[in-house]
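Overview (structure and organization)
For reference, the chains in residue letters:
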Amino acid sequence: MKVTFPHMGTLYIPLRLLFTNLGLEVVVPPPISKETMNLGVRHSPEGACLPFKLTLGNYLEAAALGADTFFMAQGYGLCRFGFYTEVQQKIMRELGYDCNMALVNISQNVLQNLLRRLKELSGKSYLQVLRAVRLALVGIKVLDDLEKLLYKVRPRELRKGESTKVYQNTLARLERASSVSELRRVGSEGLQELAAVSQDPNRTPLRVGILGEFYVVLEPFTSSDVERRLGEMGVEITKYLYPSDWVSFHMFMQLFRIFKEHKSAAEAARPYLAYNVSGDGLQTVGQTILCAEEGFDGIVQLYPFTCMPEIVAKHLLPKVSDDYRIPVLSLGLDEHSGNAGFVTRLEAYVDLLNRRKSLMGREAAK
Amino acid sequence: MAKVGIPRALFYYDYFPLWQAFFEALGHQVMVSDATNKGILEDGIKRAVDETCLPVKLYMGHVQNLRDRVDYLFIPRLVSLEEKHFSCPKFIGLPDMVRGCVPNLPPILDVLVDLTDNKKLTRSSLLELGKLLGASPAQVGGAYQAGLQAHRSYRARLKQGWSHEEGIRGSRPETLAEPENLLRVALLSHPYNICDSWASNNLMGKLKRMGAAVTTADALSLGYLRQKANTLSEQIYWTFEKKLAGAAMHYLETREVDGIILVMAFECGPDSLVTELIEREVRDKLPVMTLCMDEHTGEAGIMTRLEAFVDMIVRQKSRQEAAAAKEWAEA
Ligand code: SF4
Ligand code: SF4
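Residues numbered from 1 in each chain as written. Chains lettered and ligands numbered in written order. Predicted model: local features only at pLDDT ≥ 70, side-chain atom pairs only at ≥ 80, totals over all residues. Heavy atoms only, no water.

Our focus in this paragraph is the interface of chain B and chain A. Listed per partner, the contact involves 39 residues of chain B and 39 residues of chain A. When the two sides are added together, the surface that chain B and chain A hide from each other amounts to roughly 3,200 Å², 67% of it contributed by carbon and sulfur. Taken as a group, E51(B), L273(B) and R280(B) account for 20% of the area that chain B buries against chain A, more than any other trio of residues on that side. Linking chain B to chain A there are four salt bridges. Where K90(A) meets E281(B), a salt bridge forms, and the shortest distance between an N and an O atom there is 2.3 Å. For the pair chain B and chain A, the interface holds 15 residue pairs in polar contact (both at pLDDT 80 or more). Within the residue set of the side of chain B that touches chain A, elements represented by two or more residues are α3 (54-66), β4 (77-80), α4 (89-92), α5 (94-101), β6 (112-114) and α13 (269-282) of chain B. Ranked by residues supplied to the side of chain B that touches chain A, first place goes to α13(B) with nine residues. Of the residues assigned to the side of chain B that touches chain A, the class counts are 19 nonpolar, eight polar and twelve charged. (Contact = heavy atoms within 4.5 Å. Buried area = accessible area lost by both parts, 1.4 Å probe. Salt bridge = Lys/Arg side-chain N within 4 Å of Asp/Glu carboxyl O. Polar contact = N/O pair within 3.5 Å; in protein donor to acceptor, adjacent residues only side chain to side chain. Helix = DSSP H or I, 4+ residues; strand = E, 2+ residues; numbered from the N terminus. Nonpolar A, V, L, I, M, F, W, Y, C, P; charged D, E, K, R; others polar.)

Structure, rendered in structure tokens:
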């Protein structure tokens, strides 16, 4: 048995740790590339959303390397996502791959379902499984903290690209870490190194919230690395969908702070969108309002083309944007996006935000 | 007496008789938007987000067509019509999307139906709606019973082979005995994709003119469809798509039809996956084709594909018959 899973940003690091720690053989899919995309697109239904195509691409590339057990979340009420594997499994079988789906139902009782599935896969005791899960969760937290600092440092760095290099260095070291203490040590070294990147203390970067559908927010390949591009244009970005937040929300409801955050986004959205439309649509609308109230300069909404919850949100964002006077850039993503036009749109948007900011600054000075 | 408007789009084809009876029992007049026409489509395209599916665009157009003639617009929020099953996110956000996109609206009656996570709120939202219209809880209860009654007789008519339009009208033209059709085709889709003859380029009529008898998933009972759907996948958690899957599995087993045509809107999320699953299951065993539609779909394109499909079925059928005849002759 060789286990694999789809890529989602840096999650491959904690996931690999999780499985190797349980004594399972793991095939990490090759990093997402044009080939992954082409492969996924070729075998997917045309109208499927981008995450479907890319995760299928991951599976097929991993299967070619011998993977036969596919670890993935499933469940109702998750938009199309909870139904992906039903179709992907059929496609892979028809292509002649031997495939077992190791699914974790995340509609309810996430933690129990996860532990049970891992126990079944590995044959280890609950204690051992718990230990491995804890290791992975520490990894997730370390990675998220690094990313958050990266977004602060990048727009202020004096030598373009330096923070990215430091960050990637740390990732490479994290890939080799194998214990909780090692993860924490490498993580805090990484944070220190990032903080030590030489920065311009006088710069006040634009502040932009990155909202939208979680897969494309998590996986930079889908948006031609919109985060790095914005950062290097001098924009400090803030994201709200972190795997560690998701974990604390869904697995350990007790983290009250996060619970409240989601709730207040829903409350803020209420006059515009009064019900959870599954996926992240409600949060996109609500968080746009919260960001505007916090004085953000702009919002970038990332979503896969035909993404239903985000299209619901997109029907409402023009009004929100008007009422709260915050410019929103909606970027629909598919296998054809990410061309030159994409960068031009980003640049034009950042220009607009800069002009607005200096205009408002001047008005305030008067 | 107030005028309550119901747009002739989306769930109109599933639930109009229910809500018509409901509002009429409360003493109100129900108004429906005009049949889809070019103006309605154009208004819808202007109002809705470009990337949304045709059915939602049409819905917006129908809302605009009605808004100046009614005191209220009825736009329910259909979240979950049975436990652990859902509508697509656009159904869930529909009242909000309409408010966000169509200006100068009369008040919207947006009753909630969520039988998975919010049963209580579902009941109270209906009472709330009654209150808005000046009805007591008892009156609302009575009106709802009248609605269910109307719904049941509508479903019964569909099962007898009435078209949705005939079922809603409540009458059926006295036709001569149905001609002996050579072909039988199942047209599987959300009703709004195939019942709106303008928006669907009169798909149903075209098939009939080619000599095919057409049947839809609504001719089968819901409980049965659900059960059949599970033989394809137990995981389908969309109420409407579950019906389609169930119908496909039924026809695959019984061979009551010579072919299956799946019809979906281009940007439809649930259908993009479920029709794929159905097609892969069926295609080696029974002729099957998927038609994707949007506002640019031309009459000619549909005609070509329909003709090719019907030809293929006819050829296959005559081949089978010839083979059977030969077998019989040799025996
Ligand atoms: S949220 Fe969007 S991208 Fe995710 S499954 Fe749903 S439609 Fe696809
Ligand atoms: S089910 Fe499909 S066609 Fe219907 S509203 Fe939703 S996305 Fe559009």
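Still more to cover.
So, about the site of ligand 1. All names here are of chain A. Looking at ligand 1, the residues that line it are C49, P51, C79, R80, F81, Y84, E213, P304, C307, M308 and P309. Here the shell around ligand 1 is built from residues that sort into nine nonpolar, no polar and two charged. Lining the shell around ligand 1 are residues from two domains, each supplying at least three of them: domain 1 (2-124) and domain 3 (204-365). (Near = heavy atom within 4 Å. Domains from an automatic or database assignment.)

Summed over all chains, the structure comprises 41 salt bridges over all chains. As a salt-bridge pair, E232(A) and R228(A) come within 3.3 Å of each other at their nearest N and O atoms. In this pair, E232(A) and R228(A) are both assigned in helix α10 (residues 226-232), four residues apart and thus about one turn of the helix distant. We note a salt bridge from K243(B) to D218(B), for which the minimum N-O separation is 3.1 Å. Taken as a pair, K243(B) in helix α12 (residues 239-254) and D218(B) in the loop between β8 (212-215) and α11 (222-232) lie far apart in primary sequence, 25 residues in all. Exposure class is identical for K243(B) and D218(B). Each is buried. (Buried < 20%, exposed > 50% of the residue type's maximum accessible area, 1.4 Å probe, protein only.)

Moving on to the packing of aromatic side chains. Taken as a whole and judged by the stated rule, the model has 23 aromatic pairs over all chains. Pairing Y12(B) with F16(B) gives two aromatic rings, centres 4.9 Å apart and planes at 40 degrees, and the pair type is tilted. Taken together, the residues Y12(B) and F16(B), both in helix α1 (residues 12-25) and four residues apart, mark about one turn of the helix. Here Y12(B) falls in the buried class, since its relative accessible area comes to 6%. Taking the relative accessible area as the measure of exposure, F16(B) reaches 5% and is therefore buried. Ring geometry for F23(B) versus F74(B): centroids 5.0 Å apart, planes at 75 degrees, classification edge-to-face. With F23(B) in helix α1 and F74(B) in strand β3 (residues 72-74), the pair connects residues that are 51 residues apart, well separated along the chain. Grouping residues by exposure puts F23(B) and F74(B) together as buried. Within the aromatic cluster, the residues linked to one another by ring pairs are F11(B), Y59(B), F91(B), Y192(B) and F240(B). The residue whose ring lies beneath R207(A) is F296(A), and the NZ or CZ to ring-centre distance is 4.3 Å. (Phe/Tyr/Trp six-rings, centres within 6.5 Å; stacked < 30°, edge-to-face > 60°. Lys NZ or Arg CZ within 6 Å of the ring centre and 35° of its normal.)

Next up on the list: the domain arrangement of chain A. All names here are of chain A. Looking at chain A, the domain boundaries give domain 1 (2-124), domain 2 (137-202) and domain 3 (204-365). One C-alpha centre belongs to domain 1, the other to domain 3; they are set 27 Å apart. The interface is formed by 24 residues belonging to domain 1 together with 25 residues belonging to domain 3. Carbon and sulfur atoms supply 76% of the area that domain 1 and domain 3 bury against each other, a total of about 1,900 Å² over both sides. Three residues stand out in domain 1 for area buried against domain 3, namely M8, L50 and C79, and they jointly supply 25% of the buried area on that side.

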